[in-house]
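# Chains, contacts and geometry: an overview
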Amino acid sequence: MSEPKAPTPAPGDTYKGWLFKWTNYIKGYQRRWFVLSNGLLSYYRTQAEMGHTCRGTINLATANIAVEDSCNFVISNGGTQTYHLKASSEVERQRWITALELAKAKAFRMQAESDDSGDESTPPAAGQGGGARNSEVQSTLRTLGSKVEDLSTCNDLIAKHGSALQRSLSELEGVRLGGETSEKIRQVTERATLFRITSNAMINACRDFLALAQAHSKRWQKALQAEREQRVRLEETLEQLAKQHNHLERAFRGATVLPPSQSNPAIDSKGSVPGKGDASDEDEENEFFDACEDVQEFITVPADPKYHRRSGSNVSGISSEMGMDDGTTSLDEQSMASNPESPQSQEVVPVRKRRTRIPDKPNYSLNLWSIMKNCIGKELSKIPMPVNFNEPLSMLQRLSEDLEYYELLDRGAKCQSSLEQMCYVAAFTVSSYSTTVHRTGKPFNPLLGETFELDRLQESGYRSLCEQVSHHPPAAAHHAISERGWTLRQEIALASKFRGKYLSIMPLGSIHCIFEKSNNHYTWKKVTTTVHNIIVGKLWIDQSGEIDIVNHRTGDRCHLKFAPYSYFSRDVARKVTGVVTDKDGKAHYVLSGTWDEKMECSRVMQSSRGGENGADGRQKTVYQTLKAKELWRKTPLPEGAENMYYFSTLALTLNESEEGVAPTDSRKRPDQRLMEQGRWEEANAEKQRLEEKQRTARREREREANRSTNPEEGKEPADGGKLSFYYHSPRLFFSFLLLLRSLLCVSLSFPQALIEDSISDSPLKTEEVEIATEPSETTYKSGHQDSYKAMWFDRCVDQMTGEPTHIYRGGYWETKEQGNWDSCPDIF
């Protein structure tokens, strides 16, 4: 969803928008919805709270507004309330400061006008003769002040003499006729005379005050009206200056606002450039210049305006690469218009309607004692883990979810520039982590020989095939090919390290992306996934590390940095930054965003050293960039996703039954299907059966391998059985963690296949400080190596990276068309 932002408001208007508010050192900056109205600044957690729950309000009439840096500012009303706020960009910060200053001036004026003591203030005079009028008003006010003092004195005397007169009258009523009567009457007469004199003085003072007020009332009304008109003119001038200031800033940054007729229309719903005239340009500019923290390796500043005033081929070249707002057609529009095989020019073919829901996740409690009872009398290596920790998808299906935002590769295939193509590949790399934010459930570990096909040829133009090619160590091979000119292949194995409070998962193996038209071959590796609160607390996942994407044909590189989460960081959580450089190391694009929401890119026009020093003391590189363009934005989760394992729209369709798939396909795995249907007890029994069947098949393969190498059948291995314990003993430690967490009544799950479905399913390696699963070449070369050969993939050494890998040999889709699956093993 795009963030609603209002333009600079006129006095009296309401200004709304998102800001980051500092909460504490644990949560850092949190995103809040702020509303500025009638001199009051209020904030809410979401826009929906505006109708019922206000989280805080500050009166701007007595507030102090201070700017800290390019994006941060502070609002304080003297100590009782202080808001530390951060805008998404310097432009957005300046808009808020302008709106706050206007609202503060208006609130102060309204407070002064409503105050009864405001009459004592001296209104400023303007124009010719202003000094004389000011002196006259001062003199009149002094005269009125003296009259008011006289009235106050008379009031006190009247009260005093009136009380004395009342006492005398009361005494007179109680006096008997006699000698003292005349004395009392004399006292009453004197006091009555004093009261009459004081009353006359009061009356005269009131008459003088009224006459003076009437004489000057019309003049004061005219002066007050002139003052009001002058203030209105000053406010209008200030507003116009603020608008001109913002306009100059946009012109300086090259953010020329297009009319609606020249804005680019939306191409599709994901990552496209919106075409809403001024509003869309404002939205794109608001997200450009992000706040710079010390953790960044570089600083971005707006480019010099001269780069936006270039004419001729230079401007058109830049614009055609990234779809700049200069009236030229973006590259995607050109490709769609010139490509006769685009979807718009083809006949509409009805496609299969995919499901949009799965059964809700049942709220089953984990019975620890039932698990322990089932473990009695069994070998430790055969204790299965219940499906309570899983989600109803296989690891092969999770691997196929990398293609959820395949449109990024489609756009990359249309690019003429390899550097622009690199930006789309980088955005695709980051998008593959967007589904891991809430997905703490562990996918089913695939059985050896298990496959998964994702045929989206009609809907999306690509086909994908995954196969579990190794079980010691666990490894899966993936191959996807698109009709739109790209191929993606990868082989992923996992290494995990337990650090006490958290678990780190390091994916091993390289990912390859090849574009047919340009023959550009890109490779990269995945970053480290960290699962926090393994023992106690709510599980949460973070991605951290660095990715280097290399174009082996041109030498272009993209360095992406995934910032780890920190309690004390004021930066945006899950932040990703990157720079695209050519073979000579010259920067061409700067990437920024978050791995769970969106990615943007900005074209670099000039770079230089001389920014602020980083943590290591070295000067940061300063990049002058054009306005940012959105490459990718995460699609919102479907309604009710929290009850469906937080599956995305694609994930909901992965386990949907299909006809014609291989008998080894994950959709036909019975324990996974039973879990999706909510029949967890049956799923646990079926899972245990499949694991035992896999162990039996593995032992049979080992016996066949021993017969070929050792004539003496049935002979024990040379290690005397110690090797098995060497592989399985660390596994018991993970089992202990699961049982301990269950005792603490906290649900436990893992995001990847970091723990095998039973204690004996994965070789592990012990170390002094950490427990790790690290598959290496020595594992393949040892005598414990499985003799299994993959069905659809061949093992070889990759020519680009020199790593051992599995590459698709072909034949799967031809076999599917023939419907002949006789060569597939019976693994279920």
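My aim in this report is to walk through the structure given alongside it, one point at a time. As the structure is a prediction and not an experimental result, all values here were calculated from the model.

### Regarding the overall build of the chain
Broken down by element type, the chain carries 16 helices and 29 strands. Burial statistics for the chain: of 828 residues in total, 48% are counted as buried. Accessible surface for the chain amounts to roughly 41400 Å². Of this, 52% is attributable to carbon and sulfur atoms.

### Side note on the pairing of strand E22 (residues 587-594)
The buried fraction of E22 is high, at seven of eight residues. When strand E21 (residues 575-581) meets E22, the two strands line up antiparallel, connected through seven bridges. Bridging from a neighbouring strand, Val576 pairs with Gly593 of E22. The antiparallel pairing of E21 with E22 creates a hairpin that spans five residues between the two strands, and Gly585 there sits at a positive phi of about 85 degrees.

### Structural notes on the environment of Met675
Within the secondary structure, Met675 sits in helix H12 (residues 670-676). Setting aside its immediate chain neighbours within four residues, Met675 contacts Val387, Asn390, Glu391, Pro392, Phe444, Tyr645, Trp680 and Ala683.

### Topic: the pairing of strand E6 (residues 72-76)
Of all five residues in E6, five are buried, a share of seventy percent or more. Pairing geometry for strand E5 (residues 64-67) and E6, over four bridges, is antiparallel. Within E6, the position partnered with Asn64 by the bridge is Ser76. What sits between E5 and E6 in their antiparallel hairpin is a turn of four residues. Sheet topology note: the E6/strand E7 (residues 82-86) ladder contains five bridges and is antiparallel. Its bridge partner lying in E7, Val74 is registered against His84.

### Some points on helix H13 (residues 680-709)
In this model H13 runs 43 Å from its N-terminal to its C-terminal C-alpha over 30 residues, within 8% of the 44 Å that 1.5 Å per residue would give. Those residues of H13 lying buried are Trp680, Ala683, Glu686, Lys687, Leu690, Glu691, Gln694, Arg695 and Arg698. At its buried positions, H13 is contacted by strand E10 (442-444), strand E12 (462-471) and H12.

### What about the packing of helix H9 (residues 407-414) against helix H10 (residues 418-431)?
Packing of H9 against H10 brings their axes to within 8 Å, and their N-to-C directions diverge by 170 degrees. By the angle between their directions, the pair H9 and H10 is classed as roughly antiparallel. Where H9 abuts H10, its residues Leu408, Leu409, Arg411, Gly412 and Ala413 lie against Gln421, Tyr424, Ala427, Phe428 and Ser431. Looking at the contact of H9 with H10 residue by residue, the classes come out as six nonpolar, three polar and one charged.

### Details of the pattern of salt bridges
In this structure the tally under the stated criterion is 42 salt bridges. Between Lys598 and Glu600 there is a salt bridge; the shortest N-O distance is 3.6 Å. Its salt-bridge partner being Asp671, residue Arg669 comes within 2.9 Å of it at the nearest N-O pair. With relative accessibility at 0%, the residue Asp671 sits in the buried group.

### Things to note about the sheet that holds strand E1 (residues 15-24)
Strand order in the open sheet formed by seven strands is E4-E3-E2-E1-E7-E6-E5, with antiparallel pairing between adjacent strands. Two strands close off the open sheet at either side, each with one partner strand: strand E4 (56-59) and E5. Sheet twist, expressed as the mean angle between neighbouring strand axes with direction ignored, is 35 degrees. Both E1 and E7 contribute to a ladder of two bridges, which runs antiparallel. Within the sheet, the bridge partner assigned to Lys21 lies in E7 and is Leu85.

### As for the environment of Asp582
By the secondary structure assignment, Asp582 is in the loop between E21 and E22. According to the relative accessible area criterion, Asp582 is buried, its value standing at 16%. For the pair Asp582 and Asp556, spaced 26 residues apart in the sequence, the C-alpha separation amounts to 4.3 Å. In contact with Asp582, other than residues within four places in its own chain, are Leu419, Gly555, Asp556 and His588. At 3.0 Å, the side chain of Asp582 and the backbone nitrogen of Asp584 are in polar contact.

### Side note on helix H3 (residues 181-252)
Here H3 is 72 residues long and its end C-alpha atoms lie 98 Å apart, about the 106 Å a rise of 1.5 Å per residue gives. Where H3 bends most, at Ser217, the angle is about 40 degrees.

### As for the nonpolar core
If you look at the biggest cluster of nonpolar residues, it comprises 72 residues, and the most contacted ones within it are Trp486, Leu488, Trp524, Ile549, Leu560, Phe562 and Leu591. At nine residues, H10 tops the list of elements feeding residues into this core. Ignoring anything within four residues of it in the chain, the contact list for Trp524 reads Val425, Phe428, Thr429, Leu488, Gly509, Ser510, Ile511, Cys513, Ile547, Asp548 and Ile549. Counting 20 residues, the second largest nonpolar core, distinct from the first, contains Phe34, Ala63, Trp96 and Ala103.

### Let's talk about a nonpolar patch on the surface
On the surface, Tyr25, Ile26, Tyr565, Tyr567 and Phe568 cluster together to form a nonpolar patch covering roughly 600 Å² of accessible area. Mapped onto the secondary structure, Tyr565 falls in the loop between strand E20 (557-562) and E21.

### A word on the environment of Phe389
Looking at where Phe389 falls in the secondary structure, it is placed in the loop between helix H7 (368-375) and strand E9 (390-394). On the basis of relative accessibility, which here comes to 8%, the residue Phe389 falls in the buried class. Put simply, Phe389 and Phe444 are 55 residues apart on the chain and 9.5 Å apart in space, counted from C-alpha to C-alpha.

### Looking at the packing of aromatic side chains
This model, assessed by the stated rule, comprises 18 aromatic pairs. Between Tyr406 and Tyr462, the ring centres sit 5.2 Å apart and the planes meet at 50 degrees, which makes this aromatic pair tilted. Remark: Tyr462 occurs in strand E12 and Tyr406 occurs in the loop between helix H8 (395-400) and H9; sequence separation between them is 56 residues. Each member of the pair, Tyr406 as well as Tyr462, carries the same accessibility label: buried. An aromatic cluster is present here, built from Trp792, Tyr812, Trp813 and Trp821 joined pairwise through their rings.

### Here's the deal with unusual backbone geometry
Despite not being glycine, Tyr645 has its phi angle at roughly 65 degrees, a positive value. Relative to the assigned elements, Tyr645 resides in the loop between strand E25 (629-633) and helix H11 (649-654). With phi around 60 degrees, Tyr646 is a residue other than glycine that occupies positive phi space. Assignment of secondary structure puts Tyr646 in the loop between E25 and H11.

Reading the values: rules and limits
Residues numbered from 1 in each chain as written. Predicted model: local features only at pLDDT ≥ 70, side-chain atom pairs only at ≥ 80, totals over all residues. Heavy atoms only, no water. Helix = DSSP H or I, 4+ residues; strand = E, 2+ residues; numbered from the N terminus. Buried < 20%, exposed > 50% of the residue type's maximum accessible area, 1.4 Å probe, protein only. Areas by Shrake-Rupley, 256 points an atom, 1.4 Å probe, with all protein chains shown as cover. Pairing = 2+ DSSP bridges. Contact = heavy atoms within 4.5 Å. Expected span 1.5 Å × (residues − 1). Axes fitted to C-alpha atoms, helices over the stretch in contact; angles between N-to-C directions. Parallel < 35°, antiparallel > 145°, perpendicular 65-115°, else oblique. Nonpolar A, V, L, I, M, F, W, Y, C, P; charged D, E, K, R; others polar. Salt bridge = Lys/Arg side-chain N within 4 Å of Asp/Glu carboxyl O. Polar contact = N/O pair within 3.5 Å; in protein donor to acceptor, adjacent residues only side chain to side chain. Bend = angle between axes of the 7 residues up to and from the residue. Core = buried A, V, L, I, M, F, W, Y, C linked by side-chain atoms within 4.5 Å. Patch = residues over 30% accessible without salt bridge, like charges linked within 9 Å, V, L, I, M, F, W, Y side chains within 5 Å. Phe/Tyr/Trp six-rings, centres within 6.5 Å; stacked < 30°, edge-to-face > 60°.

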